[in-house]
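Read off the chains here:
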Number of protein chains: 2
Amino acid sequence: MNSNNVTIYDVAREASVSMATVSRVVNGNPNVKPTTRKKVQDAIDRLGYRPNAVARGLASKKTTTVGVIVPDISNIFFADLARGIEDVATMYKYNIILGNSDSSRDKEVHLLNTLLGKQVDGIIFMGGRLHEDLVEEFKKSPVPIVLAATLNQGYDLPAVNIDYEQAAYDATKMLIDHGHDRIGFITGPLEQQINGEKKFAGYRRALEDSGLPFHEQDMILGNYTYASGLEAMQKMLERDDCPKAIFAGTDEMALGVIHAIQDAGYSVPDDFEVVGHDNTRLATMIRPKLTTVVQPMYDIGAVAMRLLTKILNSEEIEEKNVVLPHRIERRDSLRQD
Amino acid sequence: MNSNNVTIYDVAREASVSMATVSRVVNGNPNVKPTTRKKVQDAIDRLGYRPNAVARGLASKKTTTVGVIVPDISNIFFADLARGIEDVATMYKYNIILGNSDSSRDKEVHLLNTLLGKQVDGIIFMGGRLHEDLVEEFKKSPVPIVLAATLNQGYDLPAVNIDYEQAAYDATKMLIDHGHDRIGFITGPLEQQINGEKKFAGYRRALEDSGLPFHEQDMILGNYTYASGLEAMQKMLERDDCPKAIFAGTDEMALGVIHAIQDAGYSVPDDFEVVGHDNTRLATMIRPKLTTVVQPMYDIGAVAMRLLTKILNSEEIEEKNVVLPHRIERRDSLRQD
DNA sequence: CATGCGATATAAAACGTTTCCAAATGGAAA
DNA sequence: TTTCCATTTGGAAACGTTTTATATCGCATG
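Residues numbered from 1 in each chain as written. Chains lettered and ligands numbered in written order. Predicted model: local features only at pLDDT ≥ 70, side-chain atom pairs only at ≥ 80, totals over all residues. Heavy atoms only, no water.

**Regarding the relation of the copies chain B and chain A**
No. 1: With an RMSD of 0.0 Å, chain B superimposes on chain A once it is rotated by 180° and translated 0.0 Å along the axis. Such a combination of rotation and displacement between the chain copies is what one expects of a two-fold axis. Rotation axis and chain B: the residue whose C-alpha lies nearest the axis is I97(B), separated from it by 2.2 Å.
No. 2: In this assembly the copies share their binding face: 100% of the residues contributing to the interface of chain B also contribute to that of chain A. (Least-squares fit on C-alpha atoms with pLDDT ≥ 70 in both. Contact = heavy atoms within 4.5 Å.)

**Observations regarding the pairing of strand β6 (residues 183-187) of chain B**
Residue and element names in this part refer to chain B.
No. 1: Counting buried positions along β6 yields five of five residues, so the element is predominantly enclosed.
No. 2: Residues I183, F185 and T187 of β6 are buried on one face, and the alternating residues G184 and I186, pointing to the opposite face, are buried as well.
No. 3: Inspection of the sheet shows β6 paired to strand β8 (residues 245-248) by four bridges, in the parallel sense. Across the sheet, residue I186 finds its bridge partner in β8, namely A248.
No. 4: Pairing geometry for β6 and strand β7 (residues 219-221), over three bridges, is parallel. Across the sheet, the residue bridging to I186 is I220, located in β7.
No. 5: Between the parallel elements β6 and β7, the chain passes through helix α9 (residues 193-209) in a crossover that is right-handed. (Buried < 20%, exposed > 50% of the residue type's maximum accessible area, 1.4 Å probe, protein only. Helix = DSSP H or I, 4+ residues; strand = E, 2+ residues; numbered from the N terminus. Pairing = 2+ DSSP bridges. Right-handed = clockwise from strand over helix to strand, strands pointing away.)

**Notes on helix α6 (residues 105-117) of chain A**
Residue and element names in this part refer to chain A.
No. 1: Across its 13 residues, α6 extends 18 Å between first and last C-alpha, which sits within 8% of the 18 Å expected from 1.5 Å per residue.
No. 2: For α6, every residue scored as buried is listed here: E108, V109, L111, L112, L115, L116 and G117.
No. 3: Where α6 ends, the next residue or the one after it, Q119, has phi of about 65°, a positive value. (Expected span 1.5 Å × (residues − 1).)

**Examining the interface of chain B and chain A**
No. 1: Each partner contributes to the interface: chain B provides 51 residues, whereas chain A provides 51 residues.
No. 2: Among the residues chain B hides against chain A, the three largest losses belong to R83(B), M285(B) and R287(B). Together they make up 15% of the total.
No. 3: Linking chain B with chain A are eight salt bridges.
No. 4: The residue R287(B) makes a salt bridge to D263(A) at a minimum N-O spacing of 2.2 Å.
No. 5: The interface formed by chain B and chain A contains 28 residue pairs in polar contact (both at pLDDT 80 or more). (Buried area = accessible area lost by both parts, 1.4 Å probe. Salt bridge = Lys/Arg side-chain N within 4 Å of Asp/Glu carboxyl O. Polar contact = N/O pair within 3.5 Å; in protein donor to acceptor, adjacent residues only side chain to side chain.)

**Some details on the sheet that holds strand β10 (residues 291-294) of chain B**
Residue and element names in this part refer to chain B.
No. 1: Pairing is mixed in the open sheet, where six strands are placed in the order β7-β6-β8-β9-β10-β12. Across the chains shown, the open sheet's two edge strands, defined by having one partner strand only, are β7 and β12 (327-329). Going across the sheet, the axis of each strand differs from the next one's by a mean of 20°, ignoring polarity.
No. 2: In terms of strand pairing, strand β9 (residues 273-278) meets β10 through four bridges, oriented parallel. If you follow G276 over to β10, its bridge partner there is T292.
No. 3: Strands β6, β7 and β9 of the sheet are contacted by α9, whose axis makes an angle of about 175° with β6.
No. 4: Packed on one face of the sheet, helix α10 (residues 226-237) meets β6, β7 and β8 and runs near 150° to β6. (Axes fitted to C-alpha atoms, helices over the stretch in contact; angles between N-to-C directions.)

**Focus on the protein's contact with DNA strand C**
No. 1: Close contacts around DNA strand C come from 26 residues, with I8(A), M19(A), S23(A), R24(B) and T36(B) the closest.
No. 2: Within the side chain of N27(A), a nitrogen or oxygen atom sits 3.0 Å from a phosphate oxygen of DNA strand C.
No. 3: Within the side chain of R24(B), one N or O atom sits 2.6 Å away from a base oxygen of DNA strand C.
No. 4: For the surface near DNA strand C, the secondary structure elements donating two or more residues are α2 (19-26) and α4 (53-60) of chain A together with α2 (19-26) and α4 (53-60) of chain B.
No. 5: If one sorts the elements of the surface near DNA strand C by residue count, α4(A) sits on top with four residues. (Near = heavy atom within 4 Å.)

**Observations concerning the packing of α2(A) against helix α3 (residues 34-47) of chain A**
Residues and elements named next belong to chain A.
No. 1: Closest axis-to-axis distance for the α2/α3 pair is 10 Å, and the angle between their directions is 90°. Taken as axis vectors, α2 and α3 run roughly perpendicular relative to one another. On α3, the residues touching T21, V22, V25 and V26 of α2 are T36, R37, V40, Q41 and I44.
No. 2: Taken together, the residues that form the contact of α2 with α3 break down as five nonpolar, three polar and one charged. (Parallel < 35°, antiparallel > 145°, perpendicular 65-115°, else oblique. Nonpolar A, V, L, I, M, F, W, Y, C, P; charged D, E, K, R; others polar.)

**Description of the environment of K289(B)**
Residue and element names in this part refer to chain B.
No. 1: Mapped onto the secondary structure, K289 falls in the loop between β9 and β10.
No. 2: C-alpha of K289 to C-alpha of M126: the two residues are 163 residues apart in sequence and 29 Å apart in space.
No. 3: Contacts of K289, omitting those with residues within four sequence positions, involve A283, T284, R331, D332 and S333.

**Overview of unusual backbone geometry**
No. 1: With an omega of 10°, the peptide bond running from V268(A) to P269(A) counts as cis.
No. 2: Mapped onto the elements, P269(A) comes out in the loop between α11 (251-263) and β9 (273-278).
No. 3: Between R287(A) and the following residue, P288(A), the backbone shows a cis peptide bond with an omega angle of -10°.
No. 4: Considering the arrangement of structural elements, one finds P288(A) in the loop between β9 and β10 (291-294).
No. 5: Phi is positive for S16(B), close to 55°, though the residue is something other than glycine.
No. 6: Within the element layout of this structure, S16(B) appears in the loop between α1 (8-15) and α2.

This is the structure:
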């Protein structure tokens, strides 16, 4: 009783109707007499018919599948985002094909082409930087593309983000307002726009606004990982003029920073204050709990997918460049006011 | 110059050959004269032809796509597993359709049917427990299914796991060998086989082997999260006869356990010793660093996918029930010997 | 110079739907 | 009754490949 290989034609014969009618029933087309509909439905149940989505995709040119390109799904940040995407996708009856790019230009381009070959109805892209080649490919895409937690560049794609510049400003400002005149800034590679153009800019603006100079050596670049945060802070601690306030580009780095400080025998927040970024689950899994910029990853994914469905349904779109609100979640890595 | 909607037929005309020949070239079939192959390849490049995988899937009944059913991709554990799957999938030119089940029977069944409707070539399933209905569906599946980090039940599917019973035994035994006669056991719901049948059994066997009695109250069930680990340990600490050694079912719970202990003013490992399970990245993101059972998530995913490719290629399979090795990574949450 | 054979190439039939257009049906109005 | 529409159904052509059976080509062989 393998429910396999029973086709719409078999159902049609079983129900003594044409396959067109079966198709209408399956697709909920209203132009079917109720008695006929029942007859067909019974045949479907009896035969255990399951529509072949591939054939359907070929005939209708819609696959109800969207592609998701992500640097690395094993990264908690992107995993959360992906979950947001998938939940909304499910809500709208889409499935997602997921691919990891490792932020490699070649893999991104290759993945994109594979997905287009599979006739996905749309694509959600995440990546640190939009290489030119990739943008060229994007321009040629026959299906809509939405960026999630990824800044546009040279081509005006729909995108969902927070205001990274302002967020970095807020975090830095908060530390300055706590009486620090030097703020350490430990973040990811500047090639990635979010760091190089946004967080860095916000950091500097906050310094300037408060009349503080920018010291090159107060900024250390890592690669987002715990280890790189730990290492960066260790390096910073070696200096006599080590900043007593640190803004870390990700929570994971912030944990490394805190541990480096503690390993050196200092206290957070008494000796050092630390602010992270993203508010991943990690933020509460450390003592002291981490004060951090809330970037709603799940929501970014969910909104990006919703935006994509709107585009796919040709619904009216008020704003294709969505900026979600951010805030700072105050926890114990910052002293009480 | 939209590379879209140029079909194999267009290429055939452009190259003055039949579409069958183009098909051969695209698929690397050797029965094509080199000059013809070149001619066709040129036409392909000139036109920017990209084969339509949907049409191909319909004609060949292969989609080079596999379905992956996972409880929750935002869980670091499954995210790692998924990454292993995807890497190997890419290696063998497959793509993956990813779906979250939240371990709900209904979602699992629904997802499975959706995937089968999409004509995936195979499925990798992860889930805490195989409900009967689901097993029934599995039996009817026209494509192979492989379990990853999921125990078989009532139907002999290919599966990739570690020896959870033995791992729990090893962890418990290690704590006993450190001089403890009561071992706290904090894990997830017993309905999930891995806990109820394996880890629990290993824990008890270790106790028995050492002539220790099993105390009901030394076991607390949570839901895998940090918060539930924290809470469980807090509850345990209220007791006078609180065990001084804890085996936690996941690293995340172990972190909660450690923090609960520290919050109460005790030291790990001086006052309490803790062993976790999984060796997720979290294990090194805490002080003291966590001693934990190494479950190679990435490898489990990778091996599961590799196993699936073997089945799909009808390669010979030495053992369809793969048990990967585990070990305990000793870190600072355990006292030096 | 015919014959035969391997190597290549072609034509056409699947594959399982959707969808357009035309046909049948069934009442209501005339 | 007819006539006419609206509703419901059916037929058949797409959709873009793979694949099978068949044809053609080129060339060595007898």
